[in-house]
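Chain by chain, the residues:
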Amino acid sequence: MQAVFLDKGTFSDGVDLSAPAGLSDYTTYDDTPKDNEIIKERCKNAEIIITNKVKIDADVISSLPNLKLIQLTATGMNNVDQDACAEHDVTLHNVAGYAVKSVPEHTFMLMLSAMRSSIYYHKKVADGSWQDNGNFCLLNIPLIDLEDKTLGIIGVGTIGKRVTEIARAFGMTVLWADHQGCTPRNDDYTAFDDVLARSDVISLHCPLNDQTKHLINDDTLAKMTRQPLLVNVARGGIVDSQALTNAINSEQIIGYASDVFEQEPITDDDPLLSVSDHPRVIFSPHNAWGSESAQQTLWHILCKQVADFIYNQANR
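The model shown is predicted, which means the values in this text are computed figures rather than measured ones.

Calculation criteria
Residues numbered from 1 in each chain as written. Predicted model: local features only at pLDDT ≥ 70, side-chain atom pairs only at ≥ 80, totals over all residues. Heavy atoms only, no water. Helix = DSSP H or I, 4+ residues; strand = E, 2+ residues; numbered from the N terminus. Buried < 20%, exposed > 50% of the residue type's maximum accessible area, 1.4 Å probe, protein only. Contact = heavy atoms within 4.5 Å. Core = buried A, V, L, I, M, F, W, Y, C linked by side-chain atoms within 4.5 Å. Pairing = 2+ DSSP bridges. Axes fitted to C-alpha atoms, helices over the stretch in contact; angles between N-to-C directions. Polar contact = N/O pair within 3.5 Å; in protein donor to acceptor, adjacent residues only side chain to side chain. Phe/Tyr/Trp six-rings, centres within 6.5 Å; stacked < 30°, edge-to-face > 60°. Lys NZ or Arg CZ within 6 Å of the ring centre and 35° of its normal.

Side note on the environment of Gly155
Relative to the assigned elements, Gly155 resides in the loop between β6 (150-154) and α7 (158-169). By relative accessible area, which is 16% here, Gly155 ends up buried. The spatial distance from the C-alpha of Gly155 to the C-alpha of Lys55 is 25 Å, given a sequence separation of 100 residues. When neighbours within four sequence positions are excluded, Gly155 is seen to be in contact with Gly160, His205 and Cys206.

In structure tokens, the structure reads:
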């Protein structure tokens, strides 16, 4: 089978991205523009498309008669038209379970950095402010411990559960939020609004869908009565950027630590950039998933999925 990898450049240079077994032809591109005509040209003979974030819509899928499999190098599938896949008998696979170490550790990197204003203080050392001050330490922005704080988790999958384990090791109380508007399913879960009201830190780990689009908005932010830190390693679209920016400026929440944004890369007009110098705001460029070991694990899982697909096609 012929395969095309449209955005190999989303992986680090040192990761072994050897071709999956069973391919007769394998073409890779570091990046592919958001242009359907270019995507069609690159994939015109492909039976398998491998991609991370290139948008594959119904127009592209319907124009590729040889296409049999779209293999994502990610868990989220919102960049592919799933209805069009079903209509044209194209199999869609994602990869799950590869970042169960990387994302939770990144979550706590962001959380600790914001709670202890680490970037702010790094700049004070680097720009001479500490020397100008003359004291042996600077403490003009309070350092906040995680121990004895309450962490609310929205999205209790594999990653959310691992974040729970780490949080409890820090001495935090953890609340699992049930779906908005639902009665808690059992004693392990807490009503959504109660989690918002009782948490000192809220960490997002839910998928982006119709129910979670702008889940964090003016109304839900108003229910966060403890002025929590909000951490987002899920999807940027779960948060209304303007509402979140307003909440930081009005001190409705203490800060925001995020790895994800509504448009990626972040656009110049994203209101969140206006608070990027806030001492409890820290951003990373959607790389929480991407430790070296996580990337290699992802590729091993992907290779097996592709090889199994090719084998099954040949033995139908």
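Remarks on the nonpolar core
Ile48, Phe108, Met111, Leu151, Met172, Val201 and Trp299 are the most contacted members of the largest nonpolar core, which has 47 residues in total. Of all the secondary-structure elements, those providing two or more residues to this core are β1 (2-5), β3 (48-51), α4 (102-115), β6, α7, β7 (173-177), β10 (229-232) and α11 (292-314). Among the elements that take part in this core, α11 stands out by supplying 7 residues, more than any other. Of all hydrophobic cores here, the second largest spans 27 residues; its members include Ala234, Ile238, Ala247 and Val281.

Let's talk about the sheet that holds β1
Ordered in space as β2-β1-β3-β4-β5, the 5 strands form an open sheet in which the pairing is parallel. Among the strands making up the open sheet, the edge pair consists of β2 (25-28) and β5 (91-93). On average, each strand axis in the sheet is inclined to that of its neighbour by 15 degrees, with strand direction left out of account. Alignment of β3 against strand β4 (residues 69-72), held across 4 bridges, turns out to be parallel. The partner of Ile50 across the bridge, within β4, is Gln71. This element, α11, spans β1, β2, β3, β4 and β5 of the sheet and lies at about 170 degrees to β4.

What about the side chain of His205?
Looking at where His205 falls in the secondary structure, it is placed in the loop between β9 (201-204) and α9 (218-222). Residue class for His205 comes out buried when judged on its relative accessible area of 15%. Side-chain polar atoms of His205 contact the side chain of Ser203, separated by 2.7 Å. Each residue touching His205, except ones within four places of it in the same chain, is listed here: Thr107, Ile153, Ile154, Gly155, Ile159, Gly160, Val163, Val233 and Ala234.

Quick word on the packing of aromatic side chains
Applying the stated criterion across every chain, the model contains 10 aromatic pairs. Plain terms: the ring middles of Phe5 and Phe11 are 6.2 Å apart, the flat faces sit at 75 degrees to each other, and that makes the pair edge-to-face. Neither Phe5 nor Phe11 differs from the other in exposure class; each is buried. The interplanar angle of 5 degrees and the centroid separation of 5.5 Å between the aromatic rings of Phe108 and Phe170 together place this pair among those described as stacked. Here the residue Phe108 occupies a position in helix α4, and Phe170 occupies one in the loop between α7 and β7, the gap between them amounting to 62 residues. Over the ring of Tyr29 we find Arg42, and its NZ or CZ is 4.0 Å from the ring centre. Its end group placed over the ring of Tyr189, Arg185 keeps NZ or CZ at 4.0 Å from the ring centre.

A short note on the environment of Asn217
Position of Asn217 relative to the elements: it lies in the loop between β9 and α9. Distance in space between the C-alpha atoms of Asn217 and Val125 is 36 Å, their sequence separation being 92 residues. Among all residues touching Asn217, those that are not within four sequence positions of it are Asp240 and Ala243. A distance of 2.9 Å separates the side chain of Asn217 from the backbone oxygen of His214, its partner in a polar contact.

So, the sheet that holds strand β8 (residues 189-190)
Pairing is parallel in the open sheet, where 7 strands are placed in the order β8-β7-β6-β9-β10-β11-β12. Lying at the two open borders of the sheet, with one neighbouring strand each, are β8 and β12 (281-283).

Quick notes on the environment of Asp269
Mapped onto the fold, Asp269 is located in the loop between β11 (255-258) and β12. On the basis of relative accessible area, Asp269 is assigned to the exposed category, the value being 64%. In this structure the side chain of Asp269 is engaged in a polar contact, spanning 2.7 Å, whose partner is the side chain of Thr267.

Considering unusual backbone geometry
Backbone torsion omega between Glu264 and Pro265 reads 0 degrees, so that peptide bond is classified as cis. By secondary structure assignment, the location of Pro265 is in the loop between β11 and β12. Phi at Asp89 is positive, roughly 55 degrees, even though this residue is not glycine. On the secondary structure map, Asp89 appears in the loop between α3 (82-87) and β5. Take Asp89: its relative accessible area is 64%, and that puts it in the exposed class. Of note, the phi angle at Gln227 is positive, near 50 degrees, even though the residue is not glycine. If you trace the backbone, Gln227 turns up in the loop between α9 and β10.

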